[in-house]
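Letter by letter, the chains look like this.
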Amino acid sequence: MQVSLVLITIAMLGFIYRLIKGPTVPDRIVALDAIGINLVAMIAVLSMLFRTYVFLDVILLLGILSFIGTTAFSKFLEKGEIIENDRNH
């Protein structure tokens, strides 16, 4: 379990580098999504190490927030707005 925590941390450092240096905005969005996934994995491993179910709610919340954030960023890149206010129909 400790080895997996170290490997996840190393992967997170790579994603943080990509988030800062990323040549394009989509690269940064993918890096941010990957950081969210790695954070969920890290909390899951910590939950197994501590033998507790307390962190499961945190894992669900982070997963939902990561998904919503990635979806909102992607929609903003595609259309230039997140919430459409089309009242012409």
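Residues numbered from 1 in each chain as written. Predicted model: local features only at pLDDT ≥ 70, side-chain atom pairs only at ≥ 80, totals over all residues. Heavy atoms only, no water.

## Quick notes on the packing of helix H2 (residues 25–50) against helix H3 (residues 56–79)
Reasoning step 1: It is the contact of H2 with H3, at a shortest axis distance of 9 Å, that shows an interaxial angle of 175°. With respect to each other, H2 and H3 are oriented roughly antiparallel. Taken together, the residues of H3 that come into contact with H2 (itself represented by Val 25, Pro 26, Ile 29, Leu 32, Asp 33, Gly 36, Leu 39, Val 40, Ile 43 and Ala 44) are Val 58, Ile 59, Leu 62, Gly 63, Ser 66, Thr 70, Phe 73, Ser 74 and Leu 77.
Reasoning step 2: Grouping the constituent residues of the contact of H2 with H3 by class yields 13 nonpolar, five polar and one charged. (Axes fitted to C-alpha atoms, helices over the stretch in contact; angles between N-to-C directions. Helix = DSSP H or I, 4+ residues; strand = E, 2+ residues; numbered from the N terminus. Parallel < 35°, antiparallel > 145°, perpendicular 65-115°, else oblique. Contact = heavy atoms within 4.5 Å. Nonpolar A, V, L, I, M, F, W, Y, C, P; charged D, E, K, R; others polar.)

## Topic: the nonpolar core
Where a protein is soluble and globular, its nonpolar side chains tend to be buried together.
Reasoning step 1: Formed by Leu 5, Ile 8, Met 12, Ile 35, Met 42 and Val 45, the largest nonpolar core amounts to six residues.
Reasoning step 2: Of all elements in the fold, only helix H1 (2–21) and H2 reach the threshold of two or more residues within this core.
Reasoning step 3: Here Leu 5 is in contact with Met 42, Val 45, Leu 46 and Leu 49, once residues within four sequence places are set aside. (Core = buried A, V, L, I, M, F, W, Y, C linked by side-chain atoms within 4.5 Å. Buried < 20%, exposed > 50% of the residue type's maximum accessible area, 1.4 Å probe, protein only.)

## Focus on the confidence of the model for the chain
Reasoning step 1: Here the chain averages 89 in pLDDT, and 96% of its residues register 70 or above.
Reasoning step 2: For the chain, H3 is the element with the lowest average pLDDT, namely 89, and H1 is the one with the highest, namely 95. (pLDDT = per-residue confidence, 0-100.)

## Here we look at the packing of aromatic side chains
Reasoning step 1: All chains considered together, the criterion is met by one aromatic pair.
Reasoning step 2: Ring plane angle 45° and centroid distance 6.4 Å describe the contact between Phe 50 and Phe 55, whose orientation is recorded as tilted.
Reasoning step 3: Exposure remark for Phe 50: the relative accessible area of 55% places this residue in the exposed category.
Reasoning step 4: Relative accessible area serves as the criterion here: at 28%, Phe 55 is assigned to the partly exposed category. (Phe/Tyr/Trp six-rings, centres within 6.5 Å; stacked < 30°, edge-to-face > 60°.)

## Digging into H1
Count 3.6 residues to each turn of an α-helix, and residues three or four apart come out pointing the same way.
Reasoning step 1: Taking 1.5 Å per residue as the helical rise, H1 with its 20 residues ought to reach 28 Å, and the 29 Å between its terminal C-alpha atoms agrees with that figure.
Reasoning step 2: Turning to H1, its buried residues are Leu 5, Ile 8 and Met 12. Seen along its axis, H1 keeps its buried residues to an arc of 60°; they face one direction. Residues of H1 that are exposed and angled more than 90 degrees away from the buried face: Val 3, Leu 7, Ile 10, Leu 13 and Lys 21.
Reasoning step 3: Turning to H1, the residues buried within the fold contact H2. (Expected span 1.5 Å × (residues − 1). Arc of directions from axis to C-beta.)

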